[in-house]
Amino acid sequence: MQDIQQFIRDIPDFPKPGIVFKDITPLLINGKAFHRAIDLMAEHYQGKKIDQVVCVEARGFILGAPLAYKLGAGIVPVRKPGKLPHETIQTTYELEYGTDTLEIHKDSIPAGGRVLVADDVLATGGTAEGVLKLVEQLRGEIVGVAFLIELGFLKGRDKLKGQDVFSLIKY
Ligand code: AMP
């Protein structure tokens, strides 16, 4: 995965001191590298009959949308509060400091729908865990959770026990 990893840039102390931010924009601006990253992620789900890719605002949209297109699946946006226009359900989850809230449309996943959850980075796993709760509340069947990048040292996987967690690049 060296060929993809070289397009991920470390930004120290962003957005606050002590955080090393994984900047994926060098990958996004390179057509060949972006194409290959999406192809490699989609490969993992070939034949798994994904109905919908649930994408987390905002960078999850960028990766989840081409992934859904490639898999012939629909896209379900998960957004910050107040952005979705129809009836929603919410989840509030712990961050390193404080909490955050995400919303999903109540009617976006049919019961039993086969869902893949996608985001750019798995860090502490709090965000993904919150999104899984939303999908479970709507009775979607979670086929997997996909990330471009996993920060293994933060042990986010431990929060997603029992799920098929796939990440293309691990640190
Ligand atoms: P977490 O809930 O801790 O797993 O954090 C996941 C969310 O925060 C993802 O949506 C990422 O976009 C973002 N994130 C957390 N840590 C980083 C990092 N070091 N670099 C880039 N994005 C990050």
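Rules used in this analysis
- Residues numbered from 1 in each chain as written.
- Predicted model: local features only at pLDDT ≥ 70, side-chain atom pairs only at ≥ 80, totals over all residues.
- Heavy atoms only, no water.
- Helix = DSSP H or I, 4+ residues; strand = E, 2+ residues; numbered from the N terminus.
- Rg over C-alpha atoms; globule rule 2.2 N^0.38 Å.
- Buried < 20%, exposed > 50% of the residue type's maximum accessible area, 1.4 Å probe, protein only.
- Contact = heavy atoms within 4.5 Å.
- Areas by Shrake-Rupley, 256 points an atom, 1.4 Å probe, with all protein chains shown as cover.
- Lys, Arg positive; Asp, Glu negative; His and termini not counted.
- Charge placed at Lys NZ, Arg CZ, Asp CG, Glu CD.
- Core = buried A, V, L, I, M, F, W, Y, C linked by side-chain atoms within 4.5 Å.
- Polar contact = N/O pair within 3.5 Å; in protein donor to acceptor, adjacent residues only side chain to side chain.
- Pairing = 2+ DSSP bridges.
- Axes fitted to C-alpha atoms, helices over the stretch in contact; angles between N-to-C directions.

Undergrad: Sorry, what's going on with the overall build of the protein here?
TA: The helix and strand inventory of the protein stands at 5 helices and 9 strands. Reading the helices (α) and strands (β) of the protein from amino to carboxyl end gives α-β-β-α-α-β-α-β-β-β-β-α-β-β. Taken over the C-alpha trace, the protein has a radius of gyration of 15 Å; the compact-globule value for 171 residues is 16 Å, and the two agree within 12%. In terms of overall dimensions, the protein has a C-alpha envelope of 40 × 40 × 30 Å along the principal axes. Going through the 171 residues of the protein one by one, you find that 45% of them count as buried. Counted over contacts in the protein with a minimum sequence separation of 6, partners at least 24 positions apart contribute 57%. Looking at the protein as shown, the accessible area adds up to about 8,900 Å², and 52% of this sits on carbon and sulfur atoms. Averaged over its 21 positive side-chain charges, the protein has a centre that lies 3 Å from the centre of its 22 negative ones.

Undergrad: What should I look at first to understand the nonpolar core in this one?
TA: As a rule of thumb, soluble globular proteins bury nonpolar side chains together. I50, V53, L71, L116, L148 and L168 are the most contacted members of the largest nonpolar core, which totals 29 residues. The greatest single-element share of this core, amounting to 6 residues, is contributed by helix α3 (residues 31–43). In this structure L168 touches M1, I4, A37, L40, M41, F147 and L148, once residues within four positions along its chain are discounted. Core analysis: the second largest hydrophobic core is formed by 23 residues, V78, V131, L132 and V135 among them.

Undergrad: Sorry, what's going on with the side chain of T91 here?
TA: Here T91 is to be found in strand β5 (residues 88–94). Those residues in contact with T91, other than ones at most four positions away along the chain, are D100, T101, L102, G130 and L134.

Undergrad: Just to check I follow, could you spell out the environment of F166 for this structure?
TA: Of note, F166 is situated in strand β9 (residues 165–170). Its relative accessible area of 15% is what places F166 among the buried residues. Note: C-alpha distance between F166 and A146 (20 residues apart in sequence) is 4.9 Å. Not counting residues within four places of it along the chain, the set of residues in contact with F166 comprises L40, M41, H44, Y45, V145, A146 and F147.

Undergrad: Would you take a moment to explain the side chain of S167 for this structure?
TA: As for its placement among the helices and strands, S167 is situated in strand β9. A distance of 2.6 Å separates polar atoms of two side chains, one belonging to S167 and the other to E150. Ignoring anything within four residues of it in the chain, the contact list for S167 reads F147, L148, I149, E150 and R157.

Undergrad: Honestly, the pairing of β5 in this entry has me stumped. Any pointers?
TA: Remark: a regular strand shows side chains that alternate across the two faces of the sheet. Every second residue of β5 is oriented toward a common face, the buried set being I89, T91 and Y93 and the non-buried set T88, Q90, T92 and E94. For β5 and strand β6 (residues 99–105), the ladder comprises 7 bridges, and the chain directions are antiparallel. Each residue of the ladder has a partner; that of T88, found in β6, is H105. Taking the residues that link successive antiparallel strands as the turn, the β5-β6 hairpin has 4 residues, and the phi of G98 there is positive, at about 85°.

Undergrad: Mind showing me how you'd approach the sheet that holds strand β4 (residues 74–78) here?
TA: To summarise the sheet geometry, strands pair through backbone hydrogen bonds and adopt either a parallel or an antiparallel arrangement. Spatially, β4-β3-β7-β8-β9 is the arrangement adopted by the 5 strands of the open sheet, whose pairing is parallel. The sheet terminates laterally at β4 and β9, the two strands that pair on one side only. Each strand of the sheet is rotated relative to its neighbour by a mean of 20°, with strand direction disregarded. Pairing between strand β8 (residues 141–150) and β9: 5 bridges, direction parallel. Counterpart to A146 in the pairing with β9 is F166. On top of the sheet, α3 reaches β8 and β9; it is set at about 150° to β9, its chief contact.

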